[in-house]
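The residues making up each chain are set out below.
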Amino acid sequence: MGRSYFVEEAVGQYLSDLITTSKPFVTGLLVGQCSQQRDYVLLAVRTPPKEEESRSNSGYHSSLTNIDEEWMTAHASQVSRMLPGGLLVLGVFAVAVPELAKEIQTTLRKLVFSVEKAIARKRLWNLSEDDVSDRVALHLCTATKKFTCRTYDVQDPKSTAKPADWKYQNGLSTSWVSLECTVNANIHIPLPTTSASHDLEKNTRNGLTRWAKQIEEAVFLINSQVKEEDADLLEGQSQKPNSRSTATVQVCSGSINLKGALKCNAYIHNNKPKVKDAVKALKRDIINTFSDRCEILFEDLLMNEAAGKKSSEREYHTLPCRVFAPIAGSNVLFCDYKFGDETAREIQERFLEMLDQAVQTEDLCTAEEMNMVEVSPAKEFRDDEVKQKQLTKEMLLLKLHQNIGVVIAVAVAISAAVFSFNYFSD
């Protein structure tokens with residue numbers, strides 16, 4: 001038996017509107033949430049046209065050979081940044097004329113795997129055993145208006161198509177559970193002496209990968225409550241101050257400090273949701289939003305030709321803030337990232353380009369202060385041998401402190417999650 005997809009009615013109207021464009025072929029992404037029993041589709045968004053296509057007033061494909069796979073996967077990566085916890089790119093769709101029906105399934109299969117590979121490449125958290133690996137490929141015929149819905153297991157390169165049900169439902173996310181929390185982060189990332197200054201992005205990602213693992217292993221409190229087995233874990237951690245540490249001494253040429261408060265959102269469906277699913281969605285949103293901000297910052301530095309620029313002075317950079325906004329037909333808030341000098345108009349333009357959604361200025365909500373990245377150059381670590389030894393001791397103490405207390409610190413920070421334990425069933 002194949003998977004079932006419950007789809008917001010606004011998605012059906014959106015796809016129908018694409019049929020009326022009288023274009024031979026349109027591609028796009030499907031966004032929603034997976035569960036063991038069924039999947040939910042909240043949003044469909046067509047692939048945006050390239051600049052040259054916009055100038056020629058033709059943002060649609062005339063044949064399958066004109067599909068730009070790299071452009072579509074880049075769009076999928078951008079869309080994944082704008083999703084709160086619990087949501088992901090579920091697959092792809094194509095609206096096509098009957099003449100392309102024979103070729104289209106092969107094309108959709110290829111796009112499903114390419115999109116998932118592009119998104120997974122930037123993912124810092126690990127898939128769990130209960131994560132659903134099926135992704136959907138939807139074909140809508142412009143003549144008959146009939147759907148062909150199939151799924152592929154993206155963890156299996158040899159996966160064949162399986163039929164799936166496609167069912168519309170009004171107000172799909174109306175009663176979904178919303179999860180919110182604020183995480184105060186202060187992450188210290190040492191730069192090895194063997195690392196060149198232009199490897200800041202790579203070193204930052206490596207540091208965040210280690211931090212993400214700590215977040216995944218952390219104990220989360222729901223409304224300051226904790227399950228019995230988790231309470232035992234917390235008690236055990238607090239009673240082992242003399243346990244052996246895995247800290248290592250590392251000679252460094254500089255460091256990166258990431259500081260600030262992260263506003264995190266996640267959503268869980270209302271079909272017998274479980275606490276572990278809520279915690280997983282929130283943890284992944286914490287990891288994703290910090291990683292995405294750093295990636296956006298380095299992209300901005302690269303565009304301004306500052307990423308590879310060597311400097312002997314301490315540098316400070318501001319991470320972009322998270323901006324939330326609702327979309328039509330859903331109670332879920334999507335997001336974008338805004339630097340201090342960007343205007344609301346620019347955020348609105350990105351929502352329109354990436355999600356094909358028009359949002360009003362008054363609906364944009366910036367819920368954070370600016371977060372900071374501090375880059376310390378090499379010369380500050382080479383003043384003399386005494387300072388180097390002092391630095392090494394400080395780093396060792398910091399590492400020891402992190403190993404003992406990081407899980408407790410994260411658990412306390414997350415205890416501000418504002419959703420009720422009563423919404424869930426174990």
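Residues numbered from 1 in each chain as written. Predicted model: local features only at pLDDT ≥ 70, side-chain atom pairs only at ≥ 80, totals over all residues. Heavy atoms only, no water.

An unreviewed UniProt entry lists the protein under the name Protein odr-4 homolog, with Anolis carolinensis as the source organism. As recorded by UniProt, the Subcellular location (unreviewed entry) comment attached to the protein reads in full: "Membrane". Its UniProt record gives the protein a comment under Sequence similarities (unreviewed entry), which states: "Belongs to the ODR-4 family." (UniProt positions renumbered as here; feature names shortened; annotations may be inferred.)

## A short note on the packing of aromatic side chains
Within a pair of aromatic rings, the relevant descriptors are the distance that separates the centres and the angle that separates the planes. Enumeration according to the criterion identifies eight aromatic pairs in this entry. Centroid distance F147 to Y168: 6.1 Å. Interplanar angle 65 degrees. Geometry classified as edge-to-face. One end of the pair, F147, is in strand β6 (residues 147–153); the other, Y168, is in strand β8 (residues 165–169), with 21 residues separating them in the sequence. Looking at Y168, the relative accessible area reads 32%, which means it is partly exposed. On the numbers, 5.3 Å between centres and 90 degrees between planes, the contact of W211 with F290 is edge-to-face. In this pair, W211 sits in helix α5 (residues 200–217) while F290 sits in helix α7 (residues 275–303), placing the two residues 79 residues apart along the sequence. Taken individually, W211 and F290 each receive the classification buried, so the pair is uniform in this respect. (Phe/Tyr/Trp six-rings, centres within 6.5 Å; stacked < 30°, edge-to-face > 60°. Helix = DSSP H or I, 4+ residues; strand = E, 2+ residues; numbered from the N terminus. Buried < 20%, exposed > 50% of the residue type's maximum accessible area, 1.4 Å probe, protein only.)

## Some remarks on the layout of surface pockets
Space inside the second largest pocket adds up to approximately 920 Å³. What lines the second largest pocket is a set of 42 residues, and nearest its centre among them are G86, L88, W125, D131 and R284. Broken down by secondary-structure element, the contributors of at least two residues to the lining of the second largest pocket are β2 (25–34), α3 (69–81), β4 (88–96), α4 (101–121) and α7. Tallying contributions element by element places α7 first for the lining of the second largest pocket, with nine residues. Of the residues that constitute the lining of the second largest pocket, the class distribution is 15 nonpolar, twelve polar and 15 charged. Inspection of the lining of the second largest pocket shows a minimum of three residues originating in each of domain 1 (4–51 + 62–169) and domain 2 (176–235 + 250–376). (1 Å grid on protein atoms, 1.4 Å probe; cavity = no way out; pocket = protein on both sides within 12 Å on 5 of 7 lines; lining within 4 Å. Points joined across faces, edges and corners; volume = space filled by probe spheres on them. Nonpolar A, V, L, I, M, F, W, Y, C, P; charged D, E, K, R; others polar. Domains from an automatic or database assignment.)

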